[in-house]
Amino acid sequence: MNHPELDMIAVTARLEALREELCEQSAASADSRETVVLDQTSVGRLSRMDALQGQAMAKAEEQRRQLALTRIEAALKRIAAGDYGECIECGEWISKKRLEWDPTVLKCIDCAE
């Protein structure tokens, strides 16, 4: 049974909206993660270093997005399985406010510490 205090339709809609937003951000930033061309005739050394740093930051942000997408998919699977809102460690219900703050959370506040 999913969390009794939550509207599962609203939670599912929120998770799907978050997933869509992350996918759009990922597609929009694809160019910034591509290989930096090191053409010394068109850019100076510092510009190349800036480009490499920008690429590294874009890749790190993409990794964070992919982790968030994985957590969203896991939450949607828990909803489908009927055990959304249960702490994976102690089996008690996670507080409604905690789930509203982060709908992908896996543990109650006591077990998360």
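Just above, that's the structure.
In this report, the structure presented in the accompanying data block is examined. In this text, all values refer to a predicted model and were calculated from it rather than measured experimentally. (Residues numbered from 1 in each chain as written. Predicted model: local features only at pLDDT ≥ 70, side-chain atom pairs only at ≥ 80, totals over all residues. Heavy atoms only, no water.)

**A closer look at the overall build of the chain**
Phase 1: Regarding its fold elements, the chain presents four helices and zero strands.
Phase 2: Going from N to C terminus, the chain has its helices and strands arranged as α-α-α-α.
Phase 3: Per-residue burial for the chain yields a buried fraction of 32% across its 113 residues.
Phase 4: In the chain, of all internal contacts separated by at least 6 residues, the share reaching a separation of at least 24 is 61%.
Phase 5: A total accessible area of about 7,700 Å² is found for the chain, and carbon and sulfur atoms account for 54% of it. (Helix = DSSP H or I, 4+ residues; strand = E, 2+ residues; numbered from the N terminus. Buried < 20%, exposed > 50% of the residue type's maximum accessible area, 1.4 Å probe, protein only. Contact = heavy atoms within 4.5 Å. Areas by Shrake-Rupley, 256 points an atom, 1.4 Å probe, with all protein chains shown as cover.)

**Looking at the pattern of salt bridges**
Phase 1: Within this structure, the stated rule accounts for seven salt bridges.
Phase 2: Among the salt bridges present, the one from Lys 107 reaches Glu 89, with a minimum N-O distance of 3.2 Å. With Lys 107 in the loop between helix H3 (96-101) and helix H4 (109-112) and Glu 89 in the loop between helix H2 (45-81) and H3, this pair connects stretches of sequence that are 18 residues apart.
Phase 3: One salt bridge connects Glu 100 with Lys 96, and the closest N-O pair in it is separated by 4.0 Å. Within this pair, Glu 100 and its partner Lys 96 are both found in helix H3, separated by four residues, close to a single helical turn.
Phase 4: We classify Glu 100 as partly exposed; its relative accessible area is 42%.
Phase 5: Where salt bridges share partners, they join Glu 61, Glu 62, Arg 64 and Arg 65 into one cluster. (Salt bridge = Lys/Arg side-chain N within 4 Å of Asp/Glu carboxyl O.)

**Some points on the side chain of Asn 2**
Phase 1: Tracing the sequence through the fold places Asn 2 in the segment before helix H1 (8-28).
Phase 2: For Asn 2, the side chain forms a polar contact with the main-chain nitrogen of Asp 83, separated by 3.3 Å.
Phase 3: Those residues within four positions of Asn 2 in sequence are excluded, and the remaining contacts are Met 8, Arg 78, Ile 79, Gly 82, Asp 83, Tyr 84 and Trp 93. (Polar contact = N/O pair within 3.5 Å; in protein donor to acceptor, adjacent residues only side chain to side chain.)

**So, the state of the cysteines**
Phase 1: According to the stated counting rule, one finds zero disulfides in the structure shown.
Phase 2: Cys 111 takes part in no disulfide bond, and the closest cysteine sulfur to it belongs to Cys 108, at a distance of 3.6 Å. (Disulfide = S-S within 2.5 Å.)

**Notes on the nonpolar core**
Phase 1: Ranked by internal contacts, the top residues of the largest apolar core, which has 17 residues, are Val 11, Leu 15 and Tyr 84.
Phase 2: Elements represented by at least two residues in this core include exactly H1 and H2.
Phase 3: Here this core takes five residues from H2, the largest share from any one element.
Phase 4: Discounting residues that sit within four places of it in the chain, Val 11 has contacts with Leu 6, Ile 79 and Tyr 84. (Core = buried A, V, L, I, M, F, W, Y, C linked by side-chain atoms within 4.5 Å.)

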